[in-house]
Amino acid sequence: MVKAALEPEWEAVFEPNSYGFRPGRSCWDAIEAIYNNVRYKQKYVLDADIKGCFDNINHQALLQKLTGNAQIRQVVKFWLKAGIMEGLEFTPTEAGTPQGGVISPLLANIALHGMEEEIKKGYPKDRNVEKPIVIRYADDFVILHSDREVVEKSAKRVEVWLENMGLHLNQKKTRITHTHTPYEGNVGFDFLGFHVQQYPVGKTHAVKNTNGKSLGFKAIIAPSKESVKRHLEETGKRIRELRGASQEKLIRELNPVIRGWSNYYRTAASSDTYALCDHILYQQLLSWAKYRHSKKGIGWVISKYWPGVKEHRDWTFKNHDAELRRHRKTPIVRPYAKVKGNASPYDGNLLYWSQRLKSHPMTRQKVGMLLQKQQGKCRWCELTFRDGDKIEVDHLDGNHDNNQRSNLMAIHRHCHDERHSPRETWVYAAGINNK
């Protein structure tokens, strides 16, 4: 209840380049905001991280920002001071927000609200004057500007501002780098598992300025090396743990891992990375197969676990019951439509949010077409879909084998349950409910 009361109020004032743990915003929006800012101009970057953000927020400074309802402020104060009970041992909480709490991310965003304004303070509102750009996702943020001195000055200003909230930068994870040329041995930067860098390319591939002049580079955002390493370590670990399991069980264990990781990076330049992951995963699976059949030749092993190789050159790890998902099967979604400025699901612009669902990377193609056909409305309750709604596809005639577009409709999950409840099914069949 407290979160439901606080969130709409703060969503109306939160800074436009804050993306973490906010409704209707995601890590993809933060990455696309970075891409838009480095696409046409080389820039210095402060890649920063706040040390122990959730553990060290100053309670008094946070409560001073909650100037609304006094009762809500009092409840939040009790939560912050409640302490932690482990067995019979009680530990008081003098700073920080409760870990794992539903409201913790919101309180952290409230605590960090104002950072962007502080950094831009003193710069004229003239659009022709370049101001430092701050893009924040929870406690990770970057500051971008073409002048190194401006970035260094902004870093000092952030440190002073954070001290008032009881926070400090993590010096081990904070550094200044450049998007195109090496600076102090570094070039490009990692953010939210993505690597951002401008690469020198020829005239045919380089971006051009407004005058049509080639800039000699192209900004590319791809999965970071560290993220790829962790992912392949995870698949390798699961494969080793399932050495004695059947092929079908191994496939069912790996598919969710591959699908989730690939979907996360589908808005970036990930095609080459997907191909690399598929190649290394093949080596891991081949090792698994050879271990199971140590006395068989490599040709026999491949024909058993990759049966499509001989006839169709299909290197899919499968059997008659299951098929391993390949990274390359995940389509790249470019360009990704970043959320507009200060837009929020609470702003009343339901048309914008329903249309945004159509092009969302996690929206299936079938659902996207139905949303367009239904003008963003649920066919059952006729209310406009909003970001975060659970959308399901239902068959008008109840025949699941009839998948023609004219027989499908997109409805809320709860509307789906309501429609197929015993009473609603009878009413619908009788023609009383003419939806």
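Parameters and conventions
- Residues numbered from 1 in each chain as written.
- Predicted model: local features only at pLDDT ≥ 70, side-chain atom pairs only at ≥ 80, totals over all residues.
- Heavy atoms only, no water.
- Salt bridge = Lys/Arg side-chain N within 4 Å of Asp/Glu carboxyl O.
- Helix = DSSP H or I, 4+ residues; strand = E, 2+ residues; numbered from the N terminus.
- Buried < 20%, exposed > 50% of the residue type's maximum accessible area, 1.4 Å probe, protein only.
- Pairing = 2+ DSSP bridges.
- Axes fitted to C-alpha atoms, helices over the stretch in contact; angles between N-to-C directions.
- Contact = heavy atoms within 4.5 Å.
- pLDDT = per-residue confidence, 0-100.
- Expected span 1.5 Å × (residues − 1).
- Parallel < 35°, antiparallel > 145°, perpendicular 65-115°, else oblique.
- Core = buried A, V, L, I, M, F, W, Y, C linked by side-chain atoms within 4.5 Å.
- Polar contact = N/O pair within 3.5 Å; in protein donor to acceptor, adjacent residues only side chain to side chain.
- Phe/Tyr/Trp six-rings, centres within 6.5 Å; stacked < 30°, edge-to-face > 60°.
- Lys NZ or Arg CZ within 6 Å of the ring centre and 35° of its normal.

Here we take up the pattern of salt bridges. Taken as a whole, this structure holds 16 salt bridges when the rule is applied. Residue Glu7 is joined to Lys3 by a salt bridge in which the shortest nitrogen-to-oxygen separation is 3.0 Å. Taken as a pair, Glu7 and Lys3 lie in helix H1 (residues 2–11) at a separation of four residues, close to a single helical turn. A relative accessible area of 7% means that Glu7 is categorised as buried. Close ionic contact of Lys41 with Glu130 constitutes a salt bridge, the shortest N to O distance being 3.1 Å. Of this pair, Lys41 sits in the loop between helix H2 (27–38) and strand S1 (44–49) while Glu130 sits in the loop between helix H7 (115–120) and strand S4 (133–137), placing them 89 residues apart in sequence. The partly exposed category is assigned to Lys41, whose relative accessible area is 40%.

The antiparallel open sheet is built from three strands, whose spatial order is S7-S8-S9. The open sheet has two free edges, formed respectively by strand S7 (189–191) and strand S9 (217–223), since each of these has just one partner strand. When strand polarity is set aside, the average angle formed by the axes of neighbouring strands in this sheet is 30°. Where strand S8 (residues 194–200) meets S9, seven bridges bridge the pair, whose relative direction is antiparallel. Its bridge partner lying in S9, His195 is registered against Ala222.

The next thing to look at is the sheet that holds strand S6 (residues 175–178). Strand order across the open sheet formed by four strands is S4-S5-S1-S6, with antiparallel pairing between neighbours. Lying at the two open borders of the sheet, with one neighbouring strand each, are S4 and S6. Looking at each pair of strands side by side, their axes are set apart by 20° on average, direction ignored. Along the sheet face, helix H8 (residues 148–163) touches S1, strand S5 (140–145) and S6 and points at about 145° away from the line of S5.

With that settled, the discussion passes to the confidence of the model for the protein chain. Predicted confidence across the protein chain gives a mean pLDDT of 87, with 91% of residues reaching 70 or more. A low-confidence stretch, residues 426–430 (pLDDT under 50), is modelled with eight contacts involving residues beyond four sequence positions or located in other chains.

When the terminal C-alpha atoms of H2 are compared, their 17 Å separation across twelve residues agrees well with the 16 Å that a helix rising 1.5 Å per residue should span. Most of H2 is tucked away: ten of the twelve residues are buried.

A separate point is the packing of helix H9 (residues 225–241) against helix H10 (residues 247–264). Direction vectors running N to C along H9 and H10 enclose 170°, while the axes themselves pass 10 Å from each other. One finds that H9 runs roughly antiparallel with respect to H10. Across from Ser227, Val228, His231, Glu234, Thr235, Arg238 and Ile239 in H9, the residues of H10 making contact are Leu250, Glu253, Leu254, Val257, Ile258 and Trp261.

With that out of the way, let us pick up the nonpolar core. Ranked by size, the top nonpolar core spans 39 residues in total, and within it Leu6, Val76, Met115, Phe141 and Leu162 carry the most contacts. When residues in this core are grouped by element, the largest group, six residues, is from helix H6 (residues 104–112). Apart from the residues within four sequence positions on either side, Leu162 is in contact with Ile50, Leu112, Met115, Leu167 and Leu169. Counting residues in each nonpolar core, the second largest holds 35 residues, with Ala33, Tyr35, Ala138 and Ala219 among its members.

As a further point, take the pairing of S4. In terms of burial, S4 is largely enclosed, as five of its five residues are buried. The two faces of S4 match: Ile133, Ile135 and Tyr137 on one face and Val134 and Arg136 on the other face are all buried. In this sheet, S5 lies alongside S4 in antiparallel orientation, the contact comprising five bridges. Following the sheet pairing, Ile133 is matched in S5 by Leu144.

Before going further, it helps to examine the side chain of Glu116. Positionally, Glu116 belongs in helix H7. Among the polar contacts listed, one links the side chain of Glu116 to the side chain of Asn17, at a separation of 3.4 Å.

Evaluation of the coordinates by the stated rule reveals 15 aromatic pairs. With 6.4 Å between their ring centres and 65° between their planes, Trp261 and Tyr274 make a pair best called edge-to-face. Highlighted residues: Trp261 in helix H10 and Tyr274 in helix H11 (residues 271–292), separated in sequence by 13 residues. Both residues of the pair, Trp261 and Tyr274, belong to the buried class. Through successive ring pairs, a cluster of aromatic residues spans Tyr282, Trp288, Tyr305, Trp306, Trp315 and Phe317. Here the basic side chain of Lys304 rests over the ring of Tyr305, its NZ or CZ set 5.5 Å away from the ring centre. Between the NZ or CZ atom of Arg334 and the centre of the ring of Tyr35, over which it lies, the distance is 5.0 Å.

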